[in-house]
Amino acid sequence: ALSYFLPWFWFGVAMRPSSRGGTSLASTGRNILGLKGPAEARSTQRDEPSKEAQGSSTSNEANEARAVSLVSLEKGVRDNLMRLFLELDHDGDGSLNQKEFAAAKQLLSGVCGELPGSVKQPGVPVRSEDFMSYVASWAAAARVTLTQILREVPRQLARKPSNFDESVSELKLALVRNVSNISDEPSAAPSLWRTSTGSSFPLPPGADGNLCRMAFKTMQFLGNRTEDKSIIEASLVARMSSHRPMFQKLLDQGGEVLGLHMAGSKSVDVYLGKSGSQELLRIRLKELSLSSDPEPLLDGIGGFDVGPVEERDVPHELWTEMSRARASTDAPKLVRAPSQISEDLQSAPLVLTAVPLGRHIFKIRLKLLGNQLAANYLLLVPKLRTSNGQARYKSHKATLRCAGKILDASADYHSFLLFNARGDQVADLVLEHEFLNQRVRVQSKEGKFEASEVVPVPELDEMERVSCLSCNSRSIRSVLQPLGLERKSGERDIAYAMRLGRALRNGYAYDTAATEADLSNLTTSIWEKRRGDCSAFNAGFVFALRAFDIPARVSLGFKYG
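All figures in this text were calculated on a predicted structure; none of them were measured in a lab.

Undergrad: When you look at the overall build of the protein in this model, what are you seeing that I'm missing?
TA: Of regular secondary structure, the protein possesses 19 helices and 19 strands. When the 561 residues of the protein are sorted by exposure, 40% land in the buried category. For the protein, the exposed surface amounts to about 32100 Å²; the carbon and sulfur share of it is 50%.

Okay, here's the thing in structure tokens:
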């Protein structure tokens, strides 16, 4: 059976004595970190091969290392290598582009060490067969088993967020902004570093340069402020880990990062300070080096110096920015923007408008449930309802590709497309959904809008109407009536919906524990307890509308049909 899903959405420090009898943290910086580039570190860590092993290496073995035949690989190993290839193919086009291949080489180098010169690199884009041969050749040349690679690389991938995870995080942040009163102007919103682990940090003054920003992120990792190490080379992370408690204590005592400044071509000054204190501490990170990857990683630190500084020691422009940032410590408040309709909703003439916002593309790979592969498969691909019945989407196109080539649909029905695919094509299939979403609003006919923005109000067919009215209306009404929230005689649908929504904004609190303790009464718990999580608010609102004959449903991003 073929399983296919689209995403559903709603983002004292350890010191040693100095030669003068005191303690010198600055003098320990190089000795504590002693962080060399990955190539130099690996050369000192890896044991030299014995003379016997060197003598046994022949030119024939070197030639075999350059091109390992895939025929010699067991089927299980080939299958696992193919799964690894699919994991690395983020855009789902059936090959690795330059960025994807660079990320693959970085992961492999963490297991196999540096790429031997005897291994020939395939040309970009890299197909699956070339990739498997390349990995096998690298493993043979580095004397590493494929089992080790297939065990360690997926572990690294599991710790690293996928492109899709990052996209979901960005979408969640966009949803928050769309329902808040935060300005959409870039200058009005604080610049944030949103980590791959879900947290976020305001970028301090001076963090606009590439090296300074990398130094800030590295300090947050070293100080145990985040577990996001995606910007640091893997072997460097391993050597940093044991020193993190020391840096955590340093930041706990000295304060958080207030600003950064370049102190030469490869050094960065990091200024620390506490709220309400005028004391400043400076950490100078020395000899920082970045990799040459398309997305550079920090791959070397030479050491660090630590010491107190005064205002005169900080560049004037940076000090001004730091002072301004410390003065404005209030975080932006996320308050839902009030309705833009000021007219009487009970009697005012209204229209529904839709304005295109952005085009989106989702690429989805298909995965079989079970191990047996059938000769052929039928794929049912649901279609999004567009402007003919759902104003939120202006257009939608579904495309199925196999190894980059478009497959024609066997049939195009009202709610889905039907595709035929051979069993041996499944691993290379990529389903692409492209749609244009719109901002939908109810407005007064006297409002400001273009005539082309007006769209017809969607009409529900009988089946949809029944499903969107399903509820135990008697019990829900009995809960709402004592609260004065029953629907009044002749009250317009939208007027009642707005009245319910305004009621939920006053005197109702967010409380996940209250919902978990009463899941069986989710449709009424928010009205009875006046507390609950988002599911309780959503369900309570929707089922209250249904109880008074207003079709409603909870929307979680995508809704087929």
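Undergrad: Explain helix α16 (residues 493–504) to me, please; I cannot follow it from the model alone.
TA: Each α-helix turn comprises 3.6 residues. Residues three or four places apart therefore point the same way. Here α16 is 12 residues long and its end C-alpha atoms lie 17 Å apart, about the 16 Å a rise of 1.5 Å per residue gives. Taken together, the buried positions of α16 are occupied by A495, Y496, A497, R499, L500, A503 and L504. Looking at the buried residues of α16, the elements they touch are α15 (473–480), α18 (525–529) and α19 (534–547).

Undergrad: What am I meant to see in the side chain of D511 here?
TA: Looking at the secondary structure, you find D511 in the loop between β18 (509–510) and α17 (512–516). Side-chain polar atoms of D511 contact the backbone nitrogen of A514, separated by 3.3 Å. In this structure the side chain of D511 is engaged in a polar contact, spanning 3.0 Å, whose partner is the side chain of R531. Setting aside chain neighbours within four positions, we find D511 in contact with R531, G532 and D533.

Undergrad: How do you make sense of α19 when you look at a structure like this?
TA: Here α19 spans 20 Å end to end across 14 residues, near enough to the 20 Å set by a 1.5 Å rise per residue. Buried within α19 we find A536, F537, A539, G540, V542, A544, L545, R546 and A547. Downstream of α19 by one or two residues, D549 has phi in the positive range, about 65°.

Undergrad: Help me out: how do you make sense of the packing of α15 against α19 in this one?
TA: Helix-helix packing: each pair is described by the crossing angle between the helix axes and the interaxial distance. Between α15 and α19, the least distance of the axes is 9 Å, while the angle of their chain directions is 110°. For the element pair α15 / α19, the angle class is roughly perpendicular. Where α15 abuts α19, its residues S473, I476, R477 and L480 lie against F543, A544 and A547. Split by residue class, the contact of α15 with α19 holds 5 nonpolar, 1 polar and 1 charged.

Undergrad: How should the confidence of the model for the protein be read in this particular structure?
TA: Keep in mind that low pLDDT regions are not for reading the predicted coordinates in detail. On average, residues of the protein score 75 in pLDDT, and 74% of them are at 70 or above. Ignoring residues within four places in sequence, the model shows residues 330–335, a span with pLDDT below 50, making 10 contacts including any to other chains.

Undergrad: What should I look at first to understand the sheet that holds strand β10 (residues 350–365) in this one?
TA: Across the sheet, 4 strands lie side by side as β10-β17-β13-β14; this open sheet has antiparallel pairing. Either end of the sheet is taken by a strand with one partner, and the two such strands are β10 and β14 (405–407). Strand-to-strand twist across the sheet, computed as the mean angle between neighbouring axes with direction ignored, equals 30°. Across 3 bridges, the pairing between strand β13 (residues 393–402) and β14 is antiparallel. Paired with R401 across the strands is I406, a residue of β14.

Undergrad: What is the right way to look at the packing of aromatic side chains in this model?
TA: When we look at a pair of aromatic rings, we describe it by the centre distance and by the angle of the planes. Overall, the coordinates contain 11 aromatic pairs when judged by the stated rule. A ring pair is formed by F247 and F304, whose centres lie 5.3 Å apart and whose planes are at 55°; its orientation type is tilted. Taken together, the residues F247 in helix α12 (residues 244–254) and F304 in strand β9 (residues 303–309) connect sequence positions 57 residues apart. Residues F247 and F304 agree in their burial class; the two are buried. Between F362 and F435, the aromatic rings sit 6.2 Å apart at their centres with planes inclined by 10°, giving stacked as the arrangement. In this pair, F362 is assigned in strand β10 and F435 in strand β17 (residues 429–444), connecting sequence segments 73 residues apart. Side by side, F362 and F435 carry an identical accessibility label, which is buried. Here a set of aromatic residues connected by ring pairs shows up, and it is made of F101, Y134 and W138. It is R530 that lies over the ring of Y508; its NZ or CZ is 4.3 Å from the centre.

The rules behind the values
Residues numbered from 1 in each chain as written. Predicted model: local features only at pLDDT ≥ 70, side-chain atom pairs only at ≥ 80, totals over all residues. Heavy atoms only, no water. Helix = DSSP H or I, 4+ residues; strand = E, 2+ residues; numbered from the N terminus. Buried < 20%, exposed > 50% of the residue type's maximum accessible area, 1.4 Å probe, protein only. Areas by Shrake-Rupley, 256 points an atom, 1.4 Å probe, with all protein chains shown as cover. Expected span 1.5 Å × (residues − 1). Contact = heavy atoms within 4.5 Å. Polar contact = N/O pair within 3.5 Å; in protein donor to acceptor, adjacent residues only side chain to side chain. Axes fitted to C-alpha atoms, helices over the stretch in contact; angles between N-to-C directions. Parallel < 35°, antiparallel > 145°, perpendicular 65-115°, else oblique. Nonpolar A, V, L, I, M, F, W, Y, C, P; charged D, E, K, R; others polar. pLDDT = per-residue confidence, 0-100. Pairing = 2+ DSSP bridges. Phe/Tyr/Trp six-rings, centres within 6.5 Å; stacked < 30°, edge-to-face > 60°. Lys NZ or Arg CZ within 6 Å of the ring centre and 35° of its normal.

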